[in-house]
Structures are given as structure tokens and as C-alpha cells.
2 protein chains.
Amino acid sequence: MSITIRQAGVGDGSTLHAMALELATNHGHGQDFTAVPEDFERFLADPSPVGGAFIAFWAGEPAGSAIWHRSFSTFRGRETLYLEDLSVLPGHRRRGIGNELLRAVARLAQSRGLPAISWLMMDWNAGARRLYEAAGAEIEGGTCYCRLSGEALERLGS
Amino acid sequence: MSITIRQAGVGDGSTLHAMALELATNHGHGQDFTAVPEDFERFLADPSPVGGAFIAFWAGEPAGSAIWHRSFSTFRGRETLYLEDLSVLPGHRRRGIGNELLRAVARLAQSRGLPAISWLMMDWNAGARRLYEAAGAEIEGGTCYCRLSGEALERLGS
């Protein structure tokens, strides 16, 4: 058995949607997940794309994905690459798929001349921590994720 | 005295650089800050911009800034707006400048049809927490910030 990885393109929306939903559910946030497959099709077909994705296959079957978007570091004053989701389906864990997806994202950053990749990790996720530390990532705790949406966003902007 | 806010444009690079440096130093990360003013000029002049910025003035003097970039939420399947830096210079705190900058970012998100703004906050930053909670933000702890750059990035991508 072996891993193959390719960039996602038009037609891969439902595959990406299924993996993003699995990851959200696995993190206990299934109730906050409102995306539909067509949203990911639009993301992939955007004429001014904010990002893209890779899909990993195991024996020809979709087994994982990495969804990234453009970012900017004020510390570096440079565009960087942000890894929004790194997902490996439950039946495909411990096969090195996560690491291969991370490598694909690293190669993409290099090919775009970007100096860094960044992402978030929940502090309880020991499996993810092992993967990221082995890859040489710096991991900094004590961070809170803040979000403003819905009525609060409308109120603030009015 | 009153606050005025405008979008940053070409020529504002050194103002943004000074504020980003102040914020990084204030957060104890001055040694990681390598950007120069020209980097921010390039950011503002990018023909395919990943983001932009607002500058707040108090009595005509630059007093704060908000630097944002495009983002994508896999939960929503929608483009969102990410607030990279919200900075108020030390002599200008407690004047409502942070809130006015946040409102400008909220209005921008609305004008672009984006459903959410997100950002990170250090968990020790009580002043920021008060500002964000008053604005109606949801704040979730337990997050780690991960970064891969330099030799580790080269090694992984090779």
C-alpha cells in the first residue's frame, strides 16, 4: 500500500467537505459546522483564490486532506502560508499520511517563496503534537482563538 | 480630541511597521521581529493583496492600527477576515481607539459579505479580553500556535 497526494481541484468539493466535517466532529465542534459541499467547490473555483487544498489517497481511496490559505506575518513583513485543516480519516491513521500532507504543504510554501507555515492545534491533541514536533515545528501555548460573527458582528459594524 | 480612522495605503509602510514592532515588543517577541518598513510598503502595494490595514489617528497623530488578511473557515465553507494585529500605541490607550479599529474591521467584513472575523489573543492579556468581550466576541482557550520555518521547513519540504 502506498500514499499518493495531489492538489485538489474542481470536482473535489464533496471529498474536502466530508473530511472537514469529520475533523470538526472529532474536535467536538460538529454543531458549529454549517458548510455544504458546494461551498468547497466555490473555494476551489474562486478566480481570486484565498487558498487551496491537497488530498491524500491510500490504495486509491481518499484518506486525508490539507486545506491551506494565504496569510501574512507582521513579524516577518512577509506573506506566509496558513494550514487551516490537516485531516486524516480515522481508518487511515498511523500510516504516515499526516506527515506526507504536511510535506506537500511545506513544498508548496517553498515553491511560492514563503518563509513559514503556521497553524493552530488544540492543546489536548497529543497525536498532533507528536507529528508536528517530529516535523520540527515550534509550538507555543497560551493562545486564545477569538471570533466575532452573526448578530455581534452586525451590531459592532453598525 | 477625537479619533479618525482611514484605510492604509502606499506610503503608510513605516507607520504600520512602527506599530507592528511596538506590539511585538510589548508581547515579548521583539527578538523575532525581522520586518522592515519596505516589507509593509510591499504588502500595501501587492497587486493581488492578501490583506490590508487601517490606521487610527488621535488629534492627527497615528495612534493605532489594525492589520488584516483574507482567511477561510472550513466550518462555514466561506471566506472570512482574519485580524493579524490590533495595536494601540502606549500613550493612546483607554481612549476607545482599539474599539474603533475593531469596528472598522467589522464594517469591512460586512462590506465584503464575510460572515466572521477571527483573531488570536494571548491568555494573559486582560485588557484585550475586556475589549473583545465587550464587542461580543467568543473567546476559546486551549489553543496552541504552531509554526514551521527556516531549516525545519527546508528539511520537511526536501
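Note that the coordinates shown come from a computational prediction; the quantities given were computed from them, not determined experimentally.

1. Details of the overall build of chain A
In step 1: Counting secondary structure elements, chain A contains five helices and six strands.
In step 2: Listing the helices and strands of chain A from first to last along the sequence gives β-α-α-β-β-β-α-β-α-β-α.
In step 3: Referenced to the eigenvectors of the C-alpha coordinate spread, the extents of chain A come out at roughly 55 × 35 × 35 Å.
In step 4: Looking at chain A as a whole, 41% of its 158 residues qualify as buried.
In step 5: Long-range pairs, those at least 24 residues apart, make up 59% of the contacts in chain A with a sequence separation of at least 6.

2. Focus on the packing of helix H1 (residues 13-26) of chain A against helix H2 (residues 37-45) of chain A
Residues and elements named next belong to chain A.
In step 1: At a minimum axis separation of 7 Å, H1 and H2 run at an interaxial angle of 120°. When the axes of H1 and H2 are compared, the pair comes out oblique. In terms of crossing hand, the pair formed by H1 and H2 is right-handed. Residues Gly-13, Ser-14, Leu-16 and His-17 of H1 form the contact with H2, whose participating residues are Pro-37, Glu-38, Phe-40, Glu-41 and Leu-44.
In step 2: A per-class count over the contact of H1 with H2 returns four nonpolar, three polar and two charged.

3. Quick look at the relation of the copies chain B and chain A
In step 1: Mapping chain B onto chain A calls for a rotation angle of 180° and an axial translation of 0.0 Å; the resulting RMSD is 0.0 Å. On the angle and the small slide along the axis, the relation comes out as a two-fold axis. For chain B, the smallest separation between a C-alpha atom and the rotation axis is recorded for Thr-143 of chain B, amounting to 2.6 Å.
In step 2: Looking at chain B, 100% of its interface residues are interface residues in chain A too, so the copies touch through the same face.

4. What to know about the interface of chain B and chain A
In step 1: Of the residues lining the interface, 63 residues belong to chain B; the matching set on chain A comes to 63 residues.
In step 2: Elements with a minimum of two residues in the side of chain B that touches chain A: helix H1 (13-26), helix H2 (37-45), strand S3 (61-73), strand S4 (78-88), helix H3 (97-111), strand S5 (116-122), strand S6 (138-149) and helix H5 (150-157) of chain B.
In step 3: Residue contributions to the side of chain B that touches chain A peak at 12 residues, all from S6 of chain B.
In step 4: Of the strand pairs in this sheet, strand S5 (residues 116-122) of chain A and S6 of chain B are connected by seven bridges, and their pairing is antiparallel. Its bridge partner lying in S6 of chain B, Trp-119 of chain A is registered against Cys-146 of chain B.

5. Things to note about the confidence of the model for chain A
In step 1: Looking at chain A as a whole, its pLDDT mean stands at 96, while 99% of the residues score no less than 70.
In step 2: Scoring of the predicted complex yields 0.96 for pTM and 0.96 for ipTM.

6. Focus on H1 of chain B
Residue and element names in this part refer to chain B.
In step 1: Along its 14 residues, H1 runs 20 Å from first to last C-alpha, staying within 8% of the 20 Å computed at 1.5 Å per residue.
In step 2: For H1, every residue scored as buried is listed here: Gly-13, Leu-16, His-17, Met-19, Ala-20, Leu-23 and Ala-24.
In step 3: Positive backbone phi, approximately 80°, marks Gly-28, located one or two places after H1.

7. A closer look at the sheet that holds strand S2 (residues 51-58) of chain B
In step 1: Pairing within the open sheet is mixed, and its 12 strands lie in the order S1(A)-S2(A)-S3(A)-S4(A)-S5(A)-S6(B)-S6(A)-S5(B)-S4(B)-S3(B)-S2(B)-S1(B). The two strands at the open ends of the sheet, each matched to only one other strand, are strand S1 (3-7) of chain A together with strand S1 (3-7) of chain B. Taking each pair of neighbouring strands and ignoring which way they run, the sheet shows an average axis angle of 30°.
In step 2: Pairing of S2 of chain B with S3 of chain B involves eight bridges; the strand directions are antiparallel. Bridge pairing links Gly-52 of chain B to Trp-68 of chain B in S3 of chain B.
In step 3: Packed onto the sheet, helix H5 (residues 150-157) of chain A meets strand S6 (138-149) of chain A together with S5 of chain B and runs at close to 75° relative to S6 of chain A.

Criteria and cut-off values
- Residues numbered from 1 in each chain as written.
- Chains lettered and ligands numbered in written order.
- Predicted model: local features only at pLDDT ≥ 70, side-chain atom pairs only at ≥ 80, totals over all residues.
- Helix = DSSP H or I, 4+ residues; strand = E, 2+ residues; numbered from the N terminus.
- Buried ≥ 20, exposed ≤ 12 C-beta atoms within 10 Å, placed from the backbone.
- Contact = placed C-beta atoms within 7 Å.
- Axes fitted to C-alpha atoms, helices over the stretch in contact; angles between N-to-C directions.
- Parallel < 35°, antiparallel > 145°, perpendicular 65-115°, else oblique.
- Left-handed = near helix turned anticlockwise from the far one by under 90°.
- Nonpolar A, V, L, I, M, F, W, Y, C, P; charged D, E, K, R; others polar.
- Least-squares fit on C-alpha atoms with pLDDT ≥ 70 in both.
- Pairing = 2+ DSSP bridges.
- pLDDT = per-residue confidence, 0-100.
- Expected span 1.5 Å × (residues − 1).

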